[in-house]
Amino acid sequence: MEITLTHYLVLSTVLFAIGLVGVMRRKNLLMLFFATEILLNSVNIALVAISHYHGDFTGQLFAFFIIAIAASEVAVGLGLLVLWFKRENKIDLDIMTSMKG
Amino acid sequence: MFEAIAFYLFAFLTIAMFWITVTTKHALYALTALAAGMIFISAFFFILGADFMGVIQIIVYSGAVMALYAFGMMFFDTTRELHEKNPSSTLVFLLGGMAALLVVIMVSAPIVSGSIEAAYPIIEGIGNTQAIGMVLFTKYLVPFEVAAVMLLVAMIAGIIMAGKKMDISYSEMSEEQIDEKLDAEVIA
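One structure accompanies this document, and this report is about it.

Parameters and conventions
- Residues numbered from 1 in each chain as written.
- Chains lettered and ligands numbered in written order.
- Predicted model: local features only at pLDDT ≥ 70, side-chain atom pairs only at ≥ 80, totals over all residues.
- Heavy atoms only, no water.
- Helix = DSSP H or I, 4+ residues; strand = E, 2+ residues; numbered from the N terminus.
- Buried < 20%, exposed > 50% of the residue type's maximum accessible area, 1.4 Å probe, protein only.
- Contact = heavy atoms within 4.5 Å.
- Areas by Shrake-Rupley, 256 points an atom, 1.4 Å probe, with all protein chains shown as cover.
- Expected span 1.5 Å × (residues − 1).
- Phe/Tyr/Trp six-rings, centres within 6.5 Å; stacked < 30°, edge-to-face > 60°.
- Polar contact = N/O pair within 3.5 Å; in protein donor to acceptor, adjacent residues only side chain to side chain.
- Buried area = accessible area lost by both parts, 1.4 Å probe.
- Salt bridge = Lys/Arg side-chain N within 4 Å of Asp/Glu carboxyl O.
- Patch = residues over 30% accessible without salt bridge, like charges linked within 9 Å, V, L, I, M, F, W, Y side chains within 5 Å.
- Lys, Arg positive; Asp, Glu negative; His and termini not counted.
- Charge placed at Lys NZ, Arg CZ, Asp CG, Glu CD.
- Axes fitted to C-alpha atoms, helices over the stretch in contact; angles between N-to-C directions.
- Parallel < 35°, antiparallel > 145°, perpendicular 65-115°, else oblique.
- Nonpolar A, V, L, I, M, F, W, Y, C, P; charged D, E, K, R; others polar.

It is worth spelling out the overall build of chain B at this point. Across its full length, chain B carries 7 helices and 0 strands. Ordered by position in the sequence, the α and β elements of chain B form the string α-α-α-α-α-α-α. For chain B, the proportion of its 188 residues judged to be buried stands at 30%. Considering only contacts in chain B between residues 6 or more positions apart, those separated by 24 or more positions represent 46%. Accessible surface computed for chain B: about 11800 Å², of which carbon and sulfur atoms make up 71%.

Let us now look at the overall build of chain A. Counting its secondary structure elements, chain A contains 3 helices and 0 strands. Its helices and strands in sequence order give chain A the pattern α-α-α, from N to C terminus. Scored against the burial criterion, the 101 residues of chain A give a buried share of 63%. Taking contacts inside chain A between residues at least 6 apart in sequence as the whole, the part at least 24 apart equals 58%. With an accessible surface of roughly 4000 Å², chain A has 68% of that area assigned to carbon and sulfur atoms.

Attention now goes to helix 1 (residues 5-25) of chain A. In a regular helix each residue adds 1.5 Å, so 21 residues correspond to 30 Å; helix 1 of chain A covers 30 Å between its end C-alpha atoms and thus fits that length. Counting buried positions along helix 1 of chain A gives 15 out of 21 residues, so the element sits mostly inside the fold.

Time to look at the packing of aromatic side chains. One pass over the structure, following the stated rule, counts 13 aromatic pairs over all chains. Both rings, one in Tyr8(A) and one in Phe44(B), keep their centres 6.1 Å apart while their planes meet at 85°; by these two values the pair is edge-to-face. Of the two residues, Tyr8(A) is situated in helix 1 and Phe44(B) in helix 2 (residues 27-47); the pairing between them involves two chains. The exposure class of Tyr8(A) is buried, given its relative accessible area of 0%. Given the relative accessible area of 0%, Phe44(B) is considered buried. Site record: aromatic cluster; members linked through ring pairs are Phe64(A), Phe65(A), Phe52(B), Phe137(B), Tyr140(B) and Phe144(B).

So, on to the side chain of Thr14(B). Mapped onto the elements of the fold, Thr14(B) is located in helix 1 (residues 2-23). By relative accessible area, Thr14(B) is classed as buried at 0%. A polar atom in the side chain of Thr14(B) sits 2.4 Å from the backbone oxygen of Phe10(B). Ignoring any residue separated from it by four or fewer positions in sequence, one finds Thr14(B) in contact with Leu15(A), Gly37(B), Phe40(B), Ile41(B) and Phe44(B).

Bringing the interface of chain B and chain A into the picture now. Taken together, the 82 residues of chain B in the interface contact 67 residues of chain A. Note on chain B versus chain A: buried area summed over both sides is about 7000 Å², and carbon and sulfur give 77% of it. Counting across the chain B and chain A interface gives 0 salt bridges. Where chain B packs against chain A, one counts 9 residue pairs in polar contact (both at pLDDT 80 or more). For the side of chain B that touches chain A, the secondary structure elements donating two or more residues are helix 1, helix 2, helix 3 (51-73), helix 4 (89-112), helix 5 (128-136) and helix 6 (141-162) of chain B.

With that settled, consider helix 3 (residues 58-88) of chain A. All names here are of chain A. Over its 31 residues, helix 3 extends 44 Å from the first C-alpha to the last, a length consistent with the 45 Å expected when each residue adds 1.5 Å. Most of helix 3 is tucked away: 22 of the 31 residues are buried. Note on helix 3: the residue one or two positions beyond its end, Asn89, has a positive phi of about 65°.

Here the focus is a negative patch on the surface. All names here are of chain B. On the surface, a cluster of negative charge is contributed by Glu175, Glu176, Asp179, Glu180 and Asp183. Along the polypeptide, Glu175 turns up in helix 7 (residues 175-187). Of the residues examined, Glu175 reaches a relative accessible area of 58% and is grouped as exposed.

Here the focus is a nonpolar patch on the surface. A surface patch of nonpolar side chains, amounting to about 490 Å² of accessible area, comprises Leu152(B), Met155(B), Ile156(B), Ile159(B) and Ile160(B). Mapped onto the secondary structure, Ile159(B) falls in helix 6.

Bringing the environment of Ser62(B) into the picture now. Residues and elements named next belong to chain B. Summarising the element assignment, Ser62 is placed in helix 3. Sequence separation between Ser62 and Ala36 is 26 residues, and the spatial gap between their C-alpha atoms is 7.9 Å. Dropping the residues within four chain positions of it, Ser62 is found in contact with Ala35, Met38, Ile39, Gln57 and Ala67.

The next point concerns the packing of helix 2 (residues 29-53) of chain A against helix 2 of chain B. To describe two helices that pack against each other, one gives the angle between their axes and the distance between the axes. Taken N-terminus to C-terminus, the directions of helix 2 of chain A and helix 2 of chain B make an angle of 5°; their axes are 11 Å apart at the nearest point. The angle between helix 2 of chain A and helix 2 of chain B places the two elements in the roughly parallel class. Residue-level contacts link Met31(A), Phe34(A), Glu37(A), Ile38(A), Asn41(A), Asn44(A), Ile45(A) and Val48(A) of helix 2 of chain A to Ala27(B), Ala30(B), Leu31(B), Leu34(B), Met38(B), Ile41(B), Phe44(B) and Phe45(B) of helix 2 of chain B. Grouping the amino acids of the contact of helix 2 of chain A with helix 2 of chain B by side-chain chemistry returns 13 nonpolar, 2 polar and 1 charged.

Structure, rendered in structure tokens:
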């Protein structure tokens, strides 16, 4: 039984779906951040799998840069979250309606 | 055979861990499950022969990002359970699945059509890390430097935003001093 690229793409789809469900269901901002990490990781699996099955390094390098972007996103996002928590004492999405949008 | 066993085992573990992350009511469970899922994902990278990516996944994601989240959670009240209103779950699951499928179709469409050539082919005979270094520091040198600057900017932004008023230590002040300080803040 051989594992093909399709297996990895299906796995990546399932993980991406889980991440999207998390993004849509969660109301707590920290949990929303976790869901975005899942999205980024599922895409990384797909990129590395494609890189392996097509014998090309580009996929791995893209995954590398995605990890760098995820790290900086966490740094800035957590800083904003801490700032918001100090002001409102809550990190719920529902109370972030100061712009009345 | 072993590859198949490893793939299915780690696929099951990763999906289970990430499922716990998006469904649990407890923030600490979500954090630990996410960290475990990240480590299981690095197993796929090792199976695929991308050793360097696997190591980076463990060091950066499980080490740095998860540690950053753990430190960040010290600022929040994580011991209480999360109270979230989840109106219609079926619609959310349907939309999530369909959007994920759409993304995969978009990504895999050029692969199905065939005729793709490797821009930077994997070279036989040298290790994965060495080969990545050769491509990274020749063809991708500018994005690499830009990523470095971006990480520096993000680090400074994180320090400035999270580190406000951290020079004041409430534990070293007396009660009266703290009251004075808080009163002054309320007025301001």
